[in-house]
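Here is how the chains run, residue by residue.
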Protein chains: 2
Amino acid sequence: MKSELTSQDPYYQQIAGRLEGLIAAGTFRPGDRLPSVRSLSRDWRVSVTTAIGAYGLLEDRGLVEPRPRSGYYVRARRIAPESLPRRVEVESDPVEVSFDAITEKIMDAAAQPGVIPFGAAVPRNELLPSAKLASLFGSVVRSAGASAFQYSMPPGLPELRIELAKRLVGAGIAVSPDEIITTSGALDAVLLAVTATCKAGDVIAVESPTYFGILSMVMELGLKAVEIPVVPGEGVCAEALAEAFAAHPVKACILQPNFQNPVGSVISDDEKRRIVALAKRHGVTLIEDDLYGDLHFSGKRPTSLMAFDNGSTVIHCGSYSKSIAPGLRVGWIVPGASRYHRIKSLKYATSLANPTASELVVAEFLKSGGVDRHLRKVRRIYARQTHEIREAILECFPADIRVTLPAGGFLLWCQLPEGFDSEAFALAALKRKISVVPGTLFSASGGLRNCFRISCGSPLDDTSRRALGILAQLARA
Amino acid sequence: MKSELTSQDPYYQQIAGRLEGLIAAGTFRPGDRLPSVRSLSRDWRVSVTTAIGAYGLLEDRGLVEPRPRSGYYVRARRIAPESLPRRVEVESDPVEVSFDAITEKIMDAAAQPGVIPFGAAVPRNELLPSAKLASLFGSVVRSAGASAFQYSMPPGLPELRIELAKRLVGAGIAVSPDEIITTSGALDAVLLAVTATCKAGDVIAVESPTYFGILSMVMELGLKAVEIPVVPGEGVCAEALAEAFAAHPVKACILQPNFQNPVGSVISDDEKRRIVALAKRHGVTLIEDDLYGDLHFSGKRPTSLMAFDNGSTVIHCGSYSKSIAPGLRVGWIVPGASRYHRIKSLKYATSLANPTASELVVAEFLKSGGVDRHLRKVRRIYARQTHEIREAILECFPADIRVTLPAGGFLLWCQLPEGFDSEAFALAALKRKISVVPGTLFSASGGLRNCFRISCGSPLDDTSRRALGILAQLARA
């Protein structure tokens, strides 16, 4: 569906123009599915080739996007550059991370029932495959007998590692099940990786903004953080890393290459290749936290950093907390040959074993193809929810708000002009029973005060639309 | 059932003598249940008072032991002092812990099917309440709906913490559910406690011998370990701790006060009181790992160290890995008021959340009384298995072997004369598909080479009796 094939024929353009008119008129709104190629051909009496050509043109213009096995969808309208967050300056010297009491307050609140959970990076209840999981827990646990309740010692259940190894192929990673160690979620994996590569006082590079759980860990381990700016849409670039590696004795670098939390950016394959080569030259270990990678809105899953590593530069970490269910606690680490034994014994010495029943359930869910069916469903929903909530924010917040336009995951990063105090904003929102996470929690150096994160794990319904209205009022105040 | 009441009447003594004769003749063997008071009264035509008096006498002589709601059981015969391990000298200076590759080899082997698991401190499959747990997983997960698959964020599910608080009363601990944080097993809890109190380079006191998981953790955290000798039967004493606290800047001390792994000792209440007072005076935090406390063979559950703490000297850690099932990953920590927020945020920054379904299942299992029924059953079985395996070891091993006589748990600690190489022994045993854990793994300073640990999580059947025979041969070689 290249534009070279289509743009030469004016008939394609005519059909594309009609579709564009319908989108502009609001007949098809952002996130809506457009007529299939087959039905367009039948209903408008055009050839299939013409219909495909028309959609190709609209895709080139950024108006629609294809989603695998699903068809074409209207993209969010406002992708004007002024709606996207600006790149921000970061602290260039390593800092000691410290959090005050606001983190616990925000986290506790996010977990409370009755609070509108824009703060919680979790799928709402209806998006978890609960019935399927409940049935799997019943059947798998019963058929496994007592072994479902014995320790799953490192490296973890073989049947799960086999399924994980198969799935990692889709991320560009070729490993045997024996190269994988299962963990209790991705954060457990990242902790193992950081502990294996850094000791107190060492310098570690982190993204800015980055997930506050990573910053807490860096703080608790007594590491110094050097911030690498995340460019919305592009992620971290090799150039920024090169500066940090040249200026500071960086031991390791934690990156979320795909649908980064909170910015939603994906690092391009070329840039990933450059980053791995650079880290290798500097002897820096790249700790990749790829837990959102399966939640792409369209096309293929983005490649993992480890796919570009032919040595032992990258430690790959992942989990099903975001893509299946948070409460399962099923994650994994691919430490690379040189660090395998070290990380396995670290796992013995820390949380020891993982929940066996969860591992059996996820192995079976993967094996049966159920995970793929689930992912196809939730990707479409997250794409729509994220687009709709973004549009709603742009409509009701002050006009100078900027919001990311992610291509996967379910998080939005919002930026208001300098001077906006997101901590006061978040605390005021909590009083109105709405949770959002202030930008300061995502910064090692306490910056990003004018930003906040909105989770789109729940749909835009009347309640959440009202809540966005309240947030917009608070932002103006 | 005091001896003052009974020993004055010679008729009690006559009945006691007859019972003693039956025990000596092997009619009732160690671990066997003796006739109930009621049936003895009926069958031998004596009064209930006389029967009770006779059993009281035998109990005073150490020949029988009462078990709650179950009756009297024959105690292991050979409790001659020469059958018990000697107290060993320990390294008095703090040491850096280091393990070589043998740990991973032993641990991997212990997990393999087809290996006789004298090395694995786990209940055999038949002793797990699998049918009950499977049914609970089915019902609880179904009725909880999606919430069974959402994060159980720190401090953990309220319904579980309520049940835990109720049960801790039995250990002498009075806390509200809000003072408890749930963890992924006891090791996760101990890691949180150690991380909250020590940093790399600090000195921590550990028992010698002690569970190798604790030593691995001490090594991985870069702490220096000072060894406190565990006296078989008595555990660690305040005097030994006082010496260590006086000589070294000890920050914290990890103790298993009840049915210690591997020695099975219980510290007396008086000594516990002295230890807590001593630690308080020296500003040392006591980290109590009480995961075997519920597995007492008779009488009441021994008291936790925290029961003697009126300040914030003790951090209490526990888990159901040994008493319900290892694979659930349900443990807890009671950090004390002054450390609560620190440990809660450490939990956020490390493994984040626990397996939600497991927490729901254990909460329901506790609430329904099922845990108590299960414990009553397995306590009897562990008592018998431990006694039988001890007897078998004393029979078939070289005569100079010494074996602990635990009053709870399911572990035996065996000691051969100096010069015996338990590492070579364990590796030779592995070749014969039998796992045992060599003593060196239990020592921070690499001592205890003449000792090994035998788990009695599985019964003494023909297979394990043959395996003990092979071990005895290897020990002679």
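Residues numbered from 1 in each chain as written. Chains lettered and ligands numbered in written order. Predicted model: local features only at pLDDT ≥ 70, side-chain atom pairs only at ≥ 80, totals over all residues. Heavy atoms only, no water.

Caption draft 1: The arrangement of the sheet that holds strand 8 (residues 285-289) of chain B in detail. Residues and elements named next belong to chain B. Ordered in space as 3-6-5-7-8-9-10-4, the 8 strands form an open sheet in which the pairing is mixed. If you trace the sheet from one side to the other, it starts and ends with strand 3 (95-96) and strand 4 (181-183), each paired once. As paired strands, strand 3 and strand 6 (residues 224-229) are joined by 2 bridges and run antiparallel to one another. Among the inter-strand pairings, Glu96 is bridged to a residue of strand 6, identified as Lys224. (Pairing = 2+ DSSP bridges. Helix = DSSP H or I, 4+ residues; strand = E, 2+ residues; numbered from the N terminus.)

Caption draft 2: Quick peek at a positive patch on the surface. Residue and element names in this part refer to chain A. Taken together, the side chains of Arg33, Arg69, Lys132, Arg373, Arg376 and Arg380 present a region of like positive charge at the surface. Among the elements that make up the positive patch, the one with the highest residue count is helix 14 (residues 370-396) (3 residues). Looking at the secondary structure, you find Arg33 in the loop between helix 2 (10-24) and helix 3 (37-43). (Patch = residues over 30% accessible without salt bridge, like charges linked within 9 Å, V, L, I, M, F, W, Y side chains within 5 Å. Areas by Shrake-Rupley, 256 points an atom, 1.4 Å probe, with all protein chains shown as cover. Salt bridge = Lys/Arg side-chain N within 4 Å of Asp/Glu carboxyl O. Lys, Arg positive; Asp, Glu negative; His and termini not counted. Charge placed at Lys NZ, Arg CZ, Asp CG, Glu CD.)

Caption draft 3: Spotlight on the packing of helix 8 (residues 186-197) of chain A against helix 12 (residues 340-349) of chain A. Residues and elements named next belong to chain A. Between helix 8 and helix 12, the shortest axis-to-axis distance is 10 Å and the interhelical angle comes to 120°. Compared by their axis directions, helix 8 and helix 12 come out oblique. For helix 8 against helix 12, the interelement crossing comes out right-handed. Residues Asp188, Leu192, Ala193, Thr195 and Ala196 of helix 8 lie in contact with helix 12, whose contacting residues are Arg342, Ile343, Leu346 and Lys347. Tallied by class, residues from the contact of helix 8 with helix 12 come to 5 nonpolar, 1 polar and 3 charged. (Axes fitted to C-alpha atoms, helices over the stretch in contact; angles between N-to-C directions. Parallel < 35°, antiparallel > 145°, perpendicular 65-115°, else oblique. Left-handed = near helix turned anticlockwise from the far one by under 90°. Contact = heavy atoms within 4.5 Å. Nonpolar A, V, L, I, M, F, W, Y, C, P; charged D, E, K, R; others polar.)

Caption draft 4: Summary view of helix 10 (residues 238-247) of chain A. Residue and element names in this part refer to chain A. Among all positions in helix 10, only Ala238, Ala240, Leu241, Ala244 and Phe245 are buried. Within helix 10, the buried residues cover an arc of 160° as seen down the axis, which keeps them to one side. Opposite the packed face of helix 10, turned more than 90 degrees from it, sit the exposed residues Glu239, Glu243, Ala246 and Ala247. (Buried < 20%, exposed > 50% of the residue type's maximum accessible area, 1.4 Å probe, protein only. Arc of directions from axis to C-beta.)

Caption draft 5: Main features of the pattern of salt bridges. Residues and elements named next belong to chain A. On inspection of all chains with the given rule, the structure shows 40 salt bridges over all chains. With a shortest N-O distance of 3.3 Å, Glu163 and Lys166 are connected by a salt bridge. A residue pair is termed a helical-turn pair when its members lie 3 or 4 positions apart in one helix, as Glu163 and Lys166 do in helix 7 (residues 158-168) at 3 residues. By relative accessible area, Glu163 is classed as buried at 6%. In this structure Lys166 comes out as exposed when scored by relative accessible area, which is 53%. Among the charged side chains, a network of salt bridges with common partners joins Arg167, Asp290, Asp294, Arg301 and Asp372.

Caption draft 6: Quick look at the interface of chain B and chain A. Counting residues at the interface gives 53 residues for chain B, matched by 53 residues for chain A. Of the roughly 4300 Å² buried at the junction of chain B and chain A (both faces included), carbon and sulfur atoms supply 60%. Ranking the residues of chain B by area buried against chain A places Phe149, Tyr151 and Glu220 of chain B at the top, with a combined share of 16%. For the pair chain B and chain A, the number of links is 2 salt bridges. A salt bridge links Arg342 of chain B to Glu220 of chain A, with the nearest nitrogen and oxygen atoms 2.5 Å apart. (Buried area = accessible area lost by both parts, 1.4 Å probe.)

Caption draft 7: Just the confidence of the model for chain A, in detail. Confidence in the prediction of chain A, expressed as mean pLDDT, is 90, and 95% of residues score 70 or more. Here the prediction assigns the complex a pTM of 0.84, and the interface score ipTM is 0.83. (pLDDT = per-residue confidence, 0-100.)

Caption draft 8: Spatial organisation of the packing of aromatic side chains. Per the counting criterion, the structure on display carries 25 aromatic pairs over all chains. Pairing Phe425 of chain A with Phe452 of chain A gives two aromatic rings, centres 4.8 Å apart and planes at 50°, and the pair type is tilted. Note that Phe425 of chain A is positioned in helix 15 (residues 422-431) and Phe452 of chain A in strand 14 (residues 451-455), a separation of 27 residues in sequence. The buried category is assigned to Phe425 of chain A, whose relative accessible area is 3%. Ring-pair connections join several aromatic residues into one group, and the members of that group are Phe137 and Phe149 of chain A together with Phe137 and Phe149 of chain B. (Phe/Tyr/Trp six-rings, centres within 6.5 Å; stacked < 30°, edge-to-face > 60°.)

Caption draft 9: Region of interest: the relation of the copies chain B and chain A. Overlaying chain B with chain A gives an RMSD of 0.1 Å, the required rotation being 180° about an axis along which the chain moves by 0.0 Å. On this basis, the relationship between the two copies can be described by a two-fold rotation axis. Scanning chain B for the C-alpha nearest the rotation axis identifies Gly138 of chain B, at a separation of 2.3 Å. Both copies present the same face, since 100% of the interface residues in chain B are matched by interface residues at the equivalent positions in chain A. (Least-squares fit on C-alpha atoms with pLDDT ≥ 70 in both.)

Caption draft 10: Layout of the environment of Ser47 of chain B. Residues and elements named next belong to chain B. Tracing the backbone shows Ser47 in the loop between helix 3 (37-43) and helix 4 (48-60). Residue Ser47 is classed as partly exposed on the basis of its relative accessible area, which comes to 36%. Residues Ser47 and Leu471, 424 residues apart in the sequence, show an inter-C-alpha distance of 48 Å.

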